[in-house]
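Spelled out from the first residue to the last, the chains are:
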Amino acid sequence: MSLIPDTPLARRVAPSPNHGARRAGPLDMLVLHYTGMDSGAAALARLRDPLSEVSAHYLVFEDGGIVQMVPEARRAWHAGAGAWKGETDINTRSIGIEIVHPGHAGGLPSYPDAQIEAVIALARDIIGRWPIPPERVLGHSDIAPERKEDPGETFPWSRLAAAGVGHYVPPARLQDGRFFARGDAGQPVEALQAMVALYGYDQPVTGLFDARTQAVITAFQRHFRPARVDGVADASTITTLRDLIAALPAA
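Residues numbered from 1 in each chain as written. Predicted model: local features only at pLDDT ≥ 70, side-chain atom pairs only at ≥ 80, totals over all residues. Heavy atoms only, no water.

Considering the UniProt feature "domain: N-acetylmuramoyl-L-alanine amidase" (unreviewed entry) in the chain
Mapped onto the present numbering, the UniProt feature "domain: N-acetylmuramoyl-L-alanine amidase" (unreviewed entry) falls on residues 16–152. Across residues 16–152 one finds 23% helix and 18% strand; the C-alpha atoms that close the span lie 25 Å apart. (UniProt positions renumbered as here; feature names shortened; annotations may be inferred. Helix = DSSP H or I, 4+ residues; strand = E, 2+ residues; numbered from the N terminus.)

Notes on the pairing of strand E3 (residues 29–34)
Among the 6 residues of E3, 6 are classified as buried, and the element is accordingly described as predominantly covered. The two faces of E3 match: Met29, Val31 and His33 on one face and Leu30, Leu32 and Tyr34 on the other face are all buried. Two elements, E3 and strand E7 (residues 94–99), share 6 bridges in a ladder whose sense is parallel. In the sheet register, methionine 29 faces E7, and the bridge partner there is serine 94. In terms of strand pairing, E3 meets strand E8 (residues 137–139) through 3 bridges, oriented parallel. Looking at E8, one finds that leucine 30 is bridged to valine 137. (Buried < 20%, exposed > 50% of the residue type's maximum accessible area, 1.4 Å probe, protein only. Pairing = 2+ DSSP bridges.)

Thoughts on the pairing of E7
Counting buried positions over the 6 residues of E7 gives 6, a clear majority of the element. Neither face of E7 is exposed, since Ser94, Gly96 and Glu98 on one face and Ile95, Ile97 and Ile99 on the opposite face are all buried. Direction of pairing for strand E4 (residues 58–60) relative to E7: parallel, over a ladder of 3 bridges. Within E7, the position partnered with leucine 59 by the bridge is glutamate 98.

Things to note about the environment of valine 70
By secondary structure assignment, the location of valine 70 is in the loop between strand E5 (66–68) and strand E6 (75–76). Along the backbone, valine 70 and serine 55 are 15 residues apart, and their C-alpha atoms lie at a distance of 7.7 Å. Contact partners of valine 70, with chain neighbours within four places excluded, come to Leu3, Ser16, Asn18, His19, Ser55, Ala56, His57 and Ala76. (Contact = heavy atoms within 4.5 Å.)

Side note on the sheet that holds E8
Whenever strands of a sheet pair, they do so through backbone hydrogen bonds, lying parallel or antiparallel. Spatial ordering of the open sheet is given by E1-E5-E4-E7-E3-E8, a layout of 6 strands whose pairing is mixed. For this open sheet the edge positions go to strand E1 (12–13) and E8, each flanked by a neighbour on one side alone. Sheet topology places E4 next to E5; 3 bridges connect them, and they run antiparallel. Bridge pairing in E5 links leucine 59 to valine 67. In the packing of helix H1 (residues 40–48) onto the sheet, the strands contacted are E1, E4, E5 and E7, and the crossing angle to E4 comes to about 170°. (Axes fitted to C-alpha atoms, helices over the stretch in contact; angles between N-to-C directions.)

Digging into the nonpolar core
Of all hydrophobic cores here, the largest spans 26 residues; its most connected members are Leu30, Leu32, Ile97, Ile126, Phe155 and Leu160. The set of elements that each furnish at least two residues to this core consists of E3, E4, E7, helix H3 (113–127) and helix H5 (157–162). Ignoring sequence-local partners within four residues, the contact set of leucine 30 consists of Ile95, Ile97, Ala123, Ile126, Ile127, Ile132, Arg136, Val137 and Leu138. By size, the runner-up hydrophobic cluster in this structure holds 25 residues, among which are Val31, Leu192, Tyr201 and Phe209. (Core = buried A, V, L, I, M, F, W, Y, C linked by side-chain atoms within 4.5 Å.)

Structural notes on unusual backbone geometry
Cis rather than trans, the peptide bond between aspartate 150 and proline 151 has omega equal to 5°. With respect to the element layout, proline 151 can be found in the loop between helix H4 (140–143) and H5. Backbone geometry places glutamate 53, a non-glycine residue, at a positive phi of 55°. Examined against the element boundaries, glutamate 53 turns out to sit in the loop between H1 and E4. With phi around 55°, lysine 85 is a residue other than glycine that occupies positive phi space. Along the polypeptide, lysine 85 turns up in the loop between E6 and helix H2 (90–93). Residue lysine 85 is classed as partly exposed on the basis of its relative accessible area of 42%.

Topic: helix H7 (residues 211–224)
Spanning 14 residues, H7 covers 20 Å between terminal C-alpha atoms, matching the ideal 20 Å at 1.5 Å per step. Of all 14 residues making up H7, 12 are buried, and the element is well covered by its neighbours. Among all positions of H7, only Arg212, Thr213, Ala215, Val216, Ile217, Thr218, Ala219, Phe220, Gln221, Arg222, His223 and Phe224 are buried. Buried-residue contacts for H7 involve E8, H4, H5, helix H6 (187–199) and helix H8 (235–246). (Expected span 1.5 Å × (residues − 1).)

Topic: the side chain of histidine 140
Structurally, the position occupied by histidine 140 is in helix H4. Other than its neighbours up to four places away in sequence, histidine 140 contacts Val31, Leu32, His33, His78, Ala79, Arg147, Lys148, Asp150 and Pro151.

Listed below in structure tokens is the structure:
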């Protein structure tokens, strides 16, 4: 497959065979991942291997170099099983950016400045060409909270938001107070579940703080309240969630 880059920001093209036609629905999401591998070269090889059945539209290296692998008009296989706002075919609705990073298994180091600047530039370029609202710029863990952890709590979402990428509010400070955790049940848990579902997470409203709820709260904390990622819905987590919902555009 010959590939003409969709953006002048791409340093080079390295086509992946792992893609298909987009299905019904607009392209209105941007999903960020980390590779979770030892090197960018290994990640690039895997994303281009037909046996892996995974790909992404772009790969961003530590030095800020950007490689395009799949045309934006095509459906790259980056998201897997997941959901957001009731939509389950995330691959059809999204563009995927893989970021070279060793991930949690590699100690979750900080992302290099040059790499983040490249991610910001690429994301701004993409959202300038596609109707992707800020609240639909997501991490892989947001759409698949029980399966995925990336791009992780060291990813600087606040820095992206300051550059006009993504939906974000300053997280509420950590404090003592009422909280909900695994095993709790009742109307307050039901209300919490309704709030995270309203924001977009795939969270059934059951009234039971179960494993799914813990995974969703953990994913929320990774993205929006990374100071403490423990899956406990403390006052800081709930306040940050409330503020995010309040900051959503009017329907």
